[in-house]
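# Results of the structural survey
Spelled out from the first residue to the last, the chains are:
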Amino acid sequence: MADIALEPVEDLEFPDDTHATSTGISNTKMAMWVYLASDCLLFGGLISTYLLYKNRPGSIPGLAGSPLKASELFNIPFTSMTSFILLMSSLTMVLAVNAVMGGDHKRMRLWLSATCVLGGLFLAGQVYEFTEFVREGLGYTSNVSASAFYTLTGFHGAHVAIGIIMLFSAVGYSFRKQLQAEAVEVLGLYWHFVDIVWVVIFAIVYLIP
Amino acid sequence: MALVEDHPPLELGSGAATVSKPLGVFARPTATHGWKSWLFTVDHKKIGIMYGVAAFFFLLVGGSEALLIRTQLAVPGAKLLSADVYNQVFTMHGVTMIFLAVMPMQSAFANYLLPLQIGARDVAFPRMNALSLWIWLSGAIFFNTSWFLGGGANGGWFNYAPNSGVTFSPGHGIDFYAVGLIIMGIGSTVSAINLTVTVLNMRSPGMTLMRMPVFTWMAFVTQVLLVFALPVITVALFLLMFDRLFDATFFDASKGGDPFLWQNLFWIFGHPEVYIMILPSFGIVSEIIPVFSRKPIFGYPFMVGSGIAIGFMGWGVWAHHMFASGIGTLSVLAFSLATMFIAVPTGVKILNWMATMYGGRIRLSTPMLFSIGLVAMFTIGGLSGVTHAFAPADAQQTDTYYIVAHFHYVLFGGALLGLFGGMYFWWPKMFGHFLNEKMGKWNFWIMLVGFNLTFGPMHILGLQGMMRRTYTYTEGQGFNFWNLIATIGAFTIAVSLILFMVNVALSYRRHKANPVDPGPDPWDARSPEWMIPSPAPEHNFDELPVVEEVDEFWHRKYGHDENGRLVRIARTEDVVQKGDATDVHLPSPSYWPLVMACGFPFVGYGLIFNYWWLVPGVLLIILGIFGWVFEPSTDPSAGHHHDDDYPTDDRPDAVDGSEDAPTDAEAGDGEVDGSSDDADERTLEPAMASTEETTVG
């Protein structure tokens, strides 16, 4: 039995828990990273589906369903604008994280709200785009390329919507209790991920003919 | 020798427990005994046991379905099941055994053992752990209610398109399949993320990745596979659901859909899934064999490395399930080669287990019997698997009973035998008493004989040309004899399962009548979970073990003399923990995981039958989320050591004005702040506090 050169646990406690884990990354942040990794494959599957089907009504003769393709209806300038808005929301998210790290909760609320608004604008744009497409005759079940398009962009839209709800709840919550900087950071990870996915979708779905 | 480090137990500031009311309405659950303590628990051990019980129940359900199949096939032209019911029965059997029996039973062991083996007090997110159990269970029950609501799924467990479309499967069975598996997938994803973070982040001081027990490693690889495989099947299931419920045409070839897409998505998930089912069992026998051979695992780094290699290569072989579907010569060649290669790391494992046993002092206790059974039976299954890797041979074998024989040898002979071995091995740790050894041996031998009687003949039947998924055969086909043998074998397996249940009941009664404490370390074992009393105390470790090497616990008990012989250097009683620490703070129980999980079946019924059902479902889920968010992961009156918060508000929320006892951090730092206690609440895991070297004397 040897003496063991260990200090009592209490003396080793750190003021914040980011150092408390084996990797030095907090549990919540790690969990978000793992979740986002998982989500990559979700979008991977949906993007593959779209790529497989995007030319389906045109390239295979004799198929049932509308010959209209989603890509024929794209309004690139409009979608570029909503994409820009979504990308700007990443900037406001960064500013929110920056604010909360500096301990400025008022400014954090401001930037989080701005992120919410920008995300909401993007969603509104998506809703407008969808209704426009439907008006021009491309419904969800018109043909397989339409289904794939709506499913992919719809799943992304759902991610944005959930992000907005989380941001909104965070703003509301921060009136009641101070948010931890890291909570906002983790939220930011999610938000940036959703934005990056949109960049990929925009490039693959809208820009590549 | 290194002993348990000498930390004083954590101190909790005094103060009577005040029940906090997170939403100002609901009190937290506080029961520590009875059914309430199970229903609302966040303790990983109780959750693990509940996973096990539920999985065993579904094993019996799936087993009954198997008996129906075998009875139908016992004689030619049997009339027990109609073709339609037969289709449902074998589909439900497959899905039940995979998603409702084997996977959750692996979860049971992973939940129970991972924190114990890495020296943690709980998983990273205890409430999320409860959530994943309840979501999985709600999905499993939802899926099985299809029997009473128009019949089960009937397209085989992989439900190939276009058969899965509304045209060919107009009933609701496949809707239940799609929605049920999505629900269970959500639960499994949550669990996989949670356990991945647990292994990465919650290891006790000195427990580097390459000091983790092999089971932990294999379970960890499994969780990573789940994290990446589940979203793929989720996409496939969503597309199927949209096809069936919202008239999309993703898999309808007449409207431009591509049935291959389903096959690819399904098997990109489906092949890793095979390893998801087998790797934890590999881990279990890698724990058992060294203990009962009294030798360290042979080639620990290779054991770990081959597990990781299997995990990686498992992503590159999915199309070998599709050799007969016309994927093209190049694809067939590539996937054929990859499939042959994946036999290499598996072979490494087999050889390492045998090398571990070689020259060891082998005790043939029940867990060891099951483990050796796994090694032998899995090898047979692996060899028949290699024969499928040759595409020309596979073209002959596809959809015959040869395939059925193969995957039962790897899943029953591999996964399930390992799980039973694990149950016999860890039973004393989980419940504080042994299972009867004599009955255990009978259990093993009857199961082994029954298993080989059932599935051995299927090799022959398959090569004779008997197709799987055909509800009967005729007199002149020459299938009579081996089918009868297989049916006798299936009932023999049923006998062994009954014997297991009798064993559980009798061992429990004997224990109640005459309790004999098995002690912390009944098997003279090697990994950290044996350093604590049996059954494991609620707080796991009095002091978190400081780990210096693989098989830390063994090396605290045994050393080598100058001649290199194994000698005992400490009595087991001196190196184990007493389990009597009283002031360790644990995450508090919660209603919300259960509330949230209850919403999912309603959503499922809503999607399938009537959208009005969505309302209660969605409301329950939202209520669950908000209750959860506004409830601190640990009752502020009890103190805590875990982060378990929803990402939106990563902080506990003490209710203003409640008379919270100061937590240890507050007490320790002297920073008691009456107005805001958020930062102070987040005390450290003592586990992570120190990685200092201990001096070994």
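Being a predicted model, the structure only gives us computed values, none of them experimental.

### What to know about the nonpolar core
- Phe-149 of chain A together with Phe-99, Tyr-177, Trp-353 and Phe-420 of chain B are the most contacted members of the largest nonpolar core, which has 250 residues in total.
- Here the element with the most residues in this core is helix H6 (residues 214-246) of chain B; it accounts for 23 residues.
- One finds Phe-323, Val-332, Phe-335 and Ala-391 of chain B within the second-largest nonpolar core, a separate group that totals five residues.

### Observations regarding empty space enclosed by the protein
Residues and elements named next belong to chain B.
- Considering all chains together, one arrives at six cavities of 30 Å³ or more under this definition.
- Quantified by volume, the largest cavity comes out at close to 260 Å³.
- Taken together, 22 residues line the largest cavity, and the ones lying closest to its centre are Met-103, Pro-104, Ser-107, Ser-188 and Leu-226.
- Among the elements of the structure, helix H3 (83-118), helix H5 (173-201), H6 and helix H7 (259-293) are those that each provide at least two residues to the lining of the largest cavity.
- When grouped by side-chain class, the residues that make up the lining of the largest cavity number 15 nonpolar, seven polar and no charged.
- Reported here for the second largest cavity is a volume of approximately 150 Å³.

### Things to note about a nonpolar patch on the surface
All names here are of chain A.
- Taken together, the side chains of Phe-84, Leu-87, Met-88, Leu-91 and Val-199 present a nonpolar region at the surface, about 420 Å² in accessible area.
- Among the elements that line the nonpolar patch, the one with the most residues is helix H4 (residues 76-101), at four residues.
- For Leu-87, the position within the fold is in helix H4.
- The exposure class assigned to Leu-87 is partly exposed, which follows from its relative accessible area of 38%.

### Thoughts on the pattern of salt bridges
All names here are of chain B.
- Enumeration over the complete set of coordinates arrives at 17 salt bridges over all chains.
- For Arg-526, the salt bridge identified is with Asp-551, shortest N-O distance 3.0 Å. Pair noted here: Arg-526 is in the loop between helix H14 (480-513) and helix H15 (552-557) and Asp-551 is in the loop between H14 and H15, with a separation of 25 residues, a long-range link.
- Connected via shared salt-bridge partners are Arg-294, Asp-521, Asp-524, Lys-557 and Arg-568.

### Brief notes about the confidence of the model for chain A
- In the predicted model, chain A carries a mean pLDDT of 87, and 88% of its residues have values of at least 70.
- Low confidence marks residues 1-19 of chain A, where pLDDT is under 50. Its contacts with residues over four positions away, or in another chain, come to 50 contacts.

The rules we used
Residues numbered from 1 in each chain as written. Chains lettered and ligands numbered in written order. Predicted model: local features only at pLDDT ≥ 70, side-chain atom pairs only at ≥ 80, totals over all residues. Heavy atoms only, no water. Core = buried A, V, L, I, M, F, W, Y, C linked by side-chain atoms within 4.5 Å. Buried < 20%, exposed > 50% of the residue type's maximum accessible area, 1.4 Å probe, protein only. Helix = DSSP H or I, 4+ residues; strand = E, 2+ residues; numbered from the N terminus. 1 Å grid on protein atoms, 1.4 Å probe; cavity = no way out; pocket = protein on both sides within 12 Å on 5 of 7 lines; lining within 4 Å. Points joined across faces, edges and corners; volume = space filled by probe spheres on them. Nonpolar A, V, L, I, M, F, W, Y, C, P; charged D, E, K, R; others polar. Patch = residues over 30% accessible without salt bridge, like charges linked within 9 Å, V, L, I, M, F, W, Y side chains within 5 Å. Areas by Shrake-Rupley, 256 points an atom, 1.4 Å probe, with all protein chains shown as cover. Salt bridge = Lys/Arg side-chain N within 4 Å of Asp/Glu carboxyl O. pLDDT = per-residue confidence, 0-100. Contact = heavy atoms within 4.5 Å.

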